[in-house]
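So you can see what is in the structure, the chains are spelled out below.
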Amino acid sequence: MVLAKVSPVNTIIKTRRNRIISLVLSRSSICQEWGFSISGGWLEGQWIGVRQVLRGSPADLAGLEEGDSLVKIEDDLVIFLEPRQVEELLDTTETELQVTVERGHIEPLCVCEETPQTASINMGTKGGQLNKEMVTIVINKEKGVWARK
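Source: prediction; values computed, not measured. In this convention, every chain numbers its residues from 1, walking through the sequence in written order. Confidence filtering applies because this is a predicted model: local features only for residues at pLDDT of at least 70, side-chain atom pairs given and counted only at 80 or more, and all residues used for totals across whole chains, interfaces and linings. Calculated side-chain values reflect all of the structure's heavy atoms, with hydrogen atoms and water omitted.

(A) The overall build of the protein, seen in detail. Across its full length, the protein holds 4 helices and 11 strands. Remark: exposure states derive from per-residue accessible area (1.4 Å probe, protein chains only) relative to the maximum for the residue type, with buried under 20%, exposed over 50%, and partly exposed in between. For the protein, buried positions account for 36% of its 149 residues. Any two residues whose heavy atoms approach within 4.5 Å are treated as being in contact. By sequence separation, contacts in the protein at least 24 residues apart represent 65% of the contacts at least 6 residues apart. As presented, the protein carries roughly 9,700 Å² of accessible surface, and 50% of it is formed by carbon and sulfur atoms. A run of H or I in DSSP becomes a helix once it reaches four residues, and a run of E becomes a strand once it reaches two; helices and strands are each numbered from the N terminus. Values of accessible area rely on a 1.4 Å probe in the Shrake-Rupley scheme; residue burial ignores everything except the protein chains shown.

Written out as structure tokens, the structure is:
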């Protein structure tokens with residue numbers, strides 16, 4: 001198993017002034033749109049972000065802002081989902097929606113690059129070949145972002 005640090009703790013905690021905010025969006029009926037659009041996604045190496053908020057919409061009235069990054073919708077963690085999957089979650093909600101966002105600058109997702117030191121550590125073999133198929137990403141605000149191979 002190789003543990004490689006993707007980003008140091010100091011760049012996560014000290015250089016950003018992010019806030020985790022929980023908002024409740026309310027609409028009069030399921031026919032009314034929530035009033036925001038999203039962009040980004042795990043496969044693009046970006047967090048799911050709020051691209052646009054329509055003035056006077058349930059999202060606007062609840063305090064959602066352009067540039068917010070979605071963390072949770074109801075009880076579902078959405079940071080590793082694609083926009084299509086997030087939109088499906090939004091479509092399944094009735095007239096009240098709880099959204100957790102992170103407000104402030106967030107670094108783009110990055111690929112964990114192997115250093116010569118980590119490349120020399122045995123990652124485990126499968127049939128005599130190096131097994132690089134499984135990667136676990138660990139995100140912890142206190143300790144940073146790690147990739148476990």
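(B) A look at the nonpolar core. Counting 21 residues, the largest nonpolar core has Leu25, Phe36, Leu64, Leu70, Ile73 and Val86 as its most contacted members. Of all the secondary-structure elements, those providing two or more residues to this core are β2 (19-26), β3 (36-41), β4 (46-53), β5 (69-73), α3 (83-91) and β7 (96-103). For Phe36, the contacting residues outside a window of four places in its chain are Leu25, Val50, Gln52, Val53, Ala59, Leu64, Leu70 and Leu90. Residues grouped as a nonpolar core are buried Ala, Val, Leu, Ile, Met, Phe, Trp, Tyr and Cys residues, joined through side-chain atoms within 4.5 Å.

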